[in-house]
Amino acid sequence: MNIEELCRLYALPAEVAEALRGAGIEGLYPPQEAAIAAGALEGESLVLAAPTASGKTLVAELAMLHSVLVRGGRALYMVPLRALASEKYEDLKAKYAPLGIKVGLATGDYDRVDGRLADHDFLVLTNEKADSLLRHRASWLLEGLSLVVLDEVHLLADPSRGPTLEVLVAALRHVRPDLQLLALSATIRNAEELAEWLSARAVVSDFRPVPLKSGVYLAGELLLSDGTRKRVAGELGPVFDLVLDVIQEEGQALVFVSTRRSAQALARKLARPLARLLPEEEKEGLAELAAKIERALDEPTPVCRELAACVRAGVAFHHAGLHHTQRRAVEGAFRARLLRALCTTTTLAAGVNLPARRVIIRDVRRYQAPYGSIYIPALEFHQMAGRAGRPGLDPYGEAVLVAKDEEDRDELLVRYVLAPPERITSQLATAGALPAHVLGAIVAGYARSPAGLRGFFSRTLLAHQFGVERLEVALAESLAFLCEEGMVRKWQGRLLPTPFGELVARLYIHPVSAVTLRDGLAEGERVGLTELALLHLVAHTPDMERLRLRRADLEELPGLLQREEFLVPVPEPGARGYREFLAELKTALALAAWISEAPERELHRRFGLGPGDTYRLREEAEWLLYAAQRIAGLFGFPLGPLPVLRTRVRYGVREELLELVRLKGVGRVRARALYTAGFTDLAKVAAAREEDLARVPHLGPGLAQSIKRQAESLVEA
DNA sequence: CACACGATCATCTAGACAGCATGTC
DNA sequence: CTAGATGATCGTGTG
């Protein structure tokens, strides 16, 4: 069926066909035909399980278009990552805004709204954002809602974030039992079971527009799943030979390794042989990219320099410690084929779409405390392998595992190449996420009695797979905890949220975090609140990621332990929770360094933090400090340094710069530069001459004009 | 004697969602 | 489900 026929058949306007043709789409792939035959455009709920790039997205988009243009409804598109949300938003907007469709984006860090979010036809959200909006009883979210697309539903199997998705789905179906759901996933083993859970039909396909061959490499020979063998020349070592081989055939290589250090080391080692293959005319573009990467930070760290050096040779590494502009730069350059090889951790396995002809999976084991190194799941292998083959550029894709010996080769074949991915099973009972979701259900009004609670949770995947009885005990325990801590109270057989419970659900923090903050702040009322104690308190909550301890930390940190007055009991050395406490202290010290304007270089040296890590740490701390402030307000505790601390964490500055960072275009670096140049407050900036401001380092004429004007109006106000 | 290369040993380990109110270098 | 790569340090061999 071609696009025009399809549009006619389902009463979609002709402009839709035009728009799709404009995007290079002419006909439908088999899984797309199957999804439409199964009722994707007739309000039918589906679980669509098919490989990456098999066109699941187009099915979703057609259903969304149909939903809005024909049925007059609205559609939500939910994804697990912010990066995916903004990618999807940009894509939908470019394609369909010209048709008059209003596209919106809502994630924790970003709301892109023209007018009200409620007015949008298509709204792209992260799962958590959608969950949060429901807890805020944002009724507009559901108004006229006819379709919800759930992208990457295999996230259900993730212990930390699967439960949210599961409960979100339960909530949507609780509120709108008739809602059409379109669950998208890469190939999964139990698509039928998930479909049953969702009262949907399963559409399963292994179609790929670019054929995928996966196999194992050993001693110059690539043994592929289809039984064929392929020789690969070279003598530099398996990974080197595989990379150089595909580059010589004008393809690109994506190498997955298990640690950041390995990603960097491998890229560094590849740089020399790759530089030799580099055509002269590409050197300039790479040099520009390298310069951009070094400019990403005010003062380049050793990691920045290393990345820049690799990039000059046409290779790069990629992991979550990089600054987001560096990540984007690397991704863009790889997509533009400027970079020939990319060594990466799992950031790229599930993240933005970045295919390569040959995907090399060097490490299949990953360290996981307290077990040691364990095999990654087959699901993860399939995700990485799915990156092989660029549509339109590569005739085929190759996913290659690297074996150490023959025994290893057989193991890899059995465990990964020939193995289906694991079943998706509910993680709702295992991760300790239940109290948050029980509170959420009560606050959102889905459950107002113990029986209602059971009823609500009977819609979860866990109940579908194991029976709701499996949850009985955990539900009762969660409820007891919430009642005891004053977030929920029982009244005449009903469950009612207290103001504390309401606040906690809306702040979207874990109830245990809320209790930690409340009790810590109460203690603070007695002993006083110091900056470090507050930073430690947020680092003590389960919502905060802790820094890892290194050997040297075990010698240094205990010395700092006695000197501070903490808001939670300090464990004795060797006692349970002692090392955890040290990790919290280290995290707090890193935040303290950040707000005392330690440069990235120092954060990297002292704490092993890359710019990307600092960003996340800062974001989490700011969120929890805000939560602490609200909780203090609710209970009438003194705020102490909380409000100032929160702003300082946000900008990474000492207190004396707080006035200056209010200026748009001024962050920690420029604020410090202004301060050093004698412009120590807004009044001085307002009174300054533009040309004097423009001479301050990191400022130019444009910014000078802008901040002078802002300062004038702020001073006036 | 300088340097390349190899053996030995200690060290260390992936990623990323959420509030609120608006913009870094 | 309980390892293995990296990189510093020291030792050995070679031109």
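Residues numbered from 1 in each chain as written. Chains lettered and ligands numbered in written order. Predicted model: local features only at pLDDT ≥ 70, side-chain atom pairs only at ≥ 80, totals over all residues. Heavy atoms only, no water.

*Asks:* Quick question: what am I supposed to make of the side chain of Arg668 here?
*Replies:* By the element assignment, Arg668 lies in helix α29 (residues 668-676). The side chain of Arg668 sits in the buried core without any salt bridge; Glu600 is the nearest counter-charge, 5.2 Å away. Within the local environment of Arg668, its side chain forms a polar contact with the backbone oxygen of Ala598, the two atoms lying 3.1 Å apart. (Helix = DSSP H or I, 4+ residues; strand = E, 2+ residues; numbered from the N terminus. Buried < 20%, exposed > 50% of the residue type's maximum accessible area, 1.4 Å probe, protein only. Lys, Arg positive; Asp, Glu negative; His and termini not counted. Salt bridge = Lys/Arg side-chain N within 4 Å of Asp/Glu carboxyl O. Polar contact = N/O pair within 3.5 Å; in protein donor to acceptor, adjacent residues only side chain to side chain.)

*Asks:* I would appreciate a short explanation of the protein's contact with DNA strand B in the present structure.
*Replies:* Taken together, 51 residues are adjacent to DNA strand B, and Glu545, Arg646, Lys664, Gly667 and Arg668 come closest. Arg646 is positioned with one of its side-chain polar atoms (N or O) 2.6 Å from a base nitrogen of DNA strand B. Elements that contribute at least two residues to the surface near DNA strand B include exactly β4 (110-112), α6 (127-135), α10 (260-277), β16 (365-368), α21 (499-507), α27 (611-635), α28 (642-651) and α29. A per-element tally of the surface near DNA strand B places α27 first, with five residues. (Near = heavy atom within 4 Å.)

*Asks:* Would you explain the nonpolar core in this entry?
*Replies:* Within soluble globular proteins, side chains that are nonpolar tend to cluster in buried spots. In this structure, Leu453, Phe457 and Leu521 are the most contacted members of the largest nonpolar core, which totals 113 residues. Not counting residues up to four positions away in its chain, the partners in contact with Leu521 are Leu529, Leu534, Leu537, Ala628, Ile631, Ala632, Phe637 and Leu642. Of all hydrophobic cores here, the second largest spans 71 residues; its members include Phe256, Ala263, Leu348 and Leu413. (Core = buried A, V, L, I, M, F, W, Y, C linked by side-chain atoms within 4.5 Å. Contact = heavy atoms within 4.5 Å.)

*Asks:* Sorry, what's going on with the protein's contact with DNA strand C here?
*Replies:* The full set of residues close to DNA strand C is Arg261, Ser262, Ala265, Arg268, Lys269, Arg362, Arg365, Tyr367, Tyr371, Ser373, Ile374 and Lys404. Among atoms of DNA strand C positioned within 4 Å of the protein, sugar and phosphate together represent 60%. Here a sugar or linking oxygen of DNA strand C sits 3.4 Å away from a polar atom, N or O, in the side chain of Ser262. Separating a sugar or linking oxygen of DNA strand C from a side-chain N or O atom of Ser373 is a distance of 2.7 Å. Looking at the surface near DNA strand C, the elements with two or more residues in it are α10, β16 and β17 (372-375). For the surface near DNA strand C, the element with the most residues is α10, which contributes five residues. Of the residues contributing to the surface near DNA strand C, the split by class is four nonpolar, two polar and six charged. (Nonpolar A, V, L, I, M, F, W, Y, C, P; charged D, E, K, R; others polar.)

*Asks:* For this particular structure, what's the right way to read the packing of aromatic side chains?
*Replies:* The description of an aromatic ring pair rests on the distance of the ring centres and on the angle between the ring planes. Applying the stated rule across the entire model yields nine aromatic pairs. Considering the side-chain rings of Tyr96 and Phe122, the 6.2 Å spacing of their centres and the 80° angle between planes classify their relative orientation as edge-to-face. Here Phe122 lies in strand β5 (residues 122-126) and Tyr96 lies in helix α5 (residues 82-96), a separation of 26 residues in the sequence. The class for Tyr96 is buried, based on a relative accessible area of 0%. Ring centres 5.3 Å apart and planes at 85° place the aromatic pair Phe566 and Phe581 in the edge-to-face group. Residue Phe566 is located in the loop between α24 (551-561) and α25 (578-595), and its partner Phe581 is located in helix α25; the two are separated by 15 residues in the primary sequence. The class for Phe566 is buried, based on a relative accessible area of 6%. Clustering of aromatic rings is evident, with ring pairs tying together Tyr375, Phe381 and Tyr416. (Phe/Tyr/Trp six-rings, centres within 6.5 Å; stacked < 30°, edge-to-face > 60°.)

*Asks:* What am I meant to see in the domain arrangement of chain A here?
*Replies:* Many structure descriptions define interface size as the accessible area lost when the parts assemble. When the domains of chain A are assigned, the result is domain 1 (3-204), domain 2 (212-417), domain 3 (434-489), domain 4 (511-652) and domain 5 (656-716). In this structure, domain 3 and domain 5 have C-alpha centres spaced 52 Å apart. (Domains from an automatic or database assignment.)

*Asks:* When you look at the environment of Ala313 in this model, what are you seeing that I'm missing?
*Replies:* Positionally, Ala313 belongs in the loop between α12 (302-312) and β13 (315-318). Residue Ala313 is classed as buried on the basis of its relative accessible area, which comes to 7%. Not counting the four nearest positions on each side in its chain, Ala313 is found in contact with Ala271, Leu274, Ala275 and Leu278.

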